[in-house]
Amino acid sequence: FDMEHYLSDYMDMNEFVGDVIHYQPRYMSNPDQFSCVDDEQQLLCQLPYQNVYAEKNEIKRALIGLVDILFAFVFDHLTNCGEVSVESPWNVCKISSQLSWLHTPNTLKECLLLNFSRALTFPLYRHFDFCSRVLEDLKFIISSGRPLILKCLLGVYDILRK
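First, a word on scope: everything that follows refers to the structure included in this document. (Residues numbered from 1 in each chain as written. Predicted model: local features only at pLDDT ≥ 70, side-chain atom pairs only at ≥ 80, totals over all residues. Heavy atoms only, no water.)

What to know about the pattern of salt bridges
Part 1: Counting across every chain of the model gives three salt bridges.
Part 2: Across the salt bridge formed by D137 and R133, the nearest N and O atoms sit 3.1 Å from each other. Of the two residues, D137 and R133 are both situated in helix α9 (residues 128-144); the distance of four residues between them amounts to about one turn of the helix. Accessibility assignment for this pair places D137 and R133 in one class, buried.
Part 3: Here E136 and K139 are joined by a salt bridge, their closest N and O atoms 3.3 Å apart. (Salt bridge = Lys/Arg side-chain N within 4 Å of Asp/Glu carboxyl O. Helix = DSSP H or I, 4+ residues; strand = E, 2+ residues; numbered from the N terminus. Buried < 20%, exposed > 50% of the residue type's maximum accessible area, 1.4 Å probe, protein only.)

Now the structure itself:
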């Protein structure tokens, strides 16, 4: 473990991080334009419909888990400039505490702290400003509503399926 290496990544803006921070994904331009393609619609039709009865605290934990997984997806999406790479499943599973060790944080603050700490520890490129950009994109996705969230979850499914 080399502490100077981690501190250097945290403080220095290298060429890659600068490019990624300024990358504009398609979902930022017009979130309303995203509709499911045929393959995604078929996948959604194959999923069984289930009525889920959950208590208030269970719904809260499920939503926090959703934030955890979406943070990991956005991190990978920005890292690879919208493309899926061979590193994508590893990135998503390492950054999401829910996917890596089946832990669902109890609060949103705990969730984001875990996401930031994992994103600043595990991936090849680590930078606090990049994590802040991921958080801003995550806020945008969540505020855009269900269609864009569903599109991102289908992206996670596609990444993990391959």
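Section: the side chain of N91
Part 1: Counting through the fold element by element, N91 comes out in helix α6 (residues 88-95).
Part 2: Exposure remark for N91: the relative accessible area of 6% places this residue in the buried category.
Part 3: Every residue in contact with N91, bar those within four places of it in the chain, is listed here: D76, N80 and P123. (Contact = heavy atoms within 4.5 Å.)

Topic: the environment of V134
Part 1: By the element assignment, V134 lies in helix α9.
Part 2: Since its relative accessible area comes to 0%, V134 is described here as buried.
Part 3: Sequence spacing of V134 and D76 is 58 residues, and the spatial spacing of their C-alpha atoms is 9.3 Å.
Part 4: With sequence-adjacent residues up to four places away left out, V134 is seen in contact with F71, V74, F75 and L78.

Considering the environment of R26
Part 1: Its place among the elements puts R26 in helix α3 (residues 26-29).
Part 2: Residue R26 is classed as exposed on the basis of its relative accessible area of 58%.
Part 3: A C-alpha to C-alpha distance of 8.2 Å links R26 and G82, two positions 56 residues apart in sequence.

As for the nonpolar core
Part 1: One finds F71, V74, L78, F130, V134 and I141 to be the most contacted residues of the largest nonpolar core, which totals 32 residues.
Part 2: Listed by contribution, the elements that provide at least two residues to this core are α2 (15-21), α5 (56-79), α6, α8 (108-119), α9 and α10 (146-161).
Part 3: The element contributing the most residues to this core is α5, with 10 residues.
Part 4: Look past the residues within four positions of V74 in its chain and what remains in contact with it is Y27, V134, D137 and I141. (Core = buried A, V, L, I, M, F, W, Y, C linked by side-chain atoms within 4.5 Å.)

Regarding the packing of α8 against α9
Between two packed helices, the angle of one axis relative to the other and the distance separating the axes together describe the packing.
Part 1: At a minimum axis separation of 10 Å, α8 and α9 run at an interaxial angle of 140°. Looking at the two axes, α8 sits oblique to α9. Pair α8 / α9 crosses with right-handed handedness. Between α8 and α9, the residues in contact are L112, F116 and A119 and F128, C131, S132 and L135, respectively.
Part 2: Classifying every residue of the contact of α8 with α9 gives six nonpolar, one polar and no charged. (Axes fitted to C-alpha atoms, helices over the stretch in contact; angles between N-to-C directions. Parallel < 35°, antiparallel > 145°, perpendicular 65-115°, else oblique. Left-handed = near helix turned anticlockwise from the far one by under 90°. Nonpolar A, V, L, I, M, F, W, Y, C, P; charged D, E, K, R; others polar.)

Function-wise, these values are silent; they only describe arrangement.
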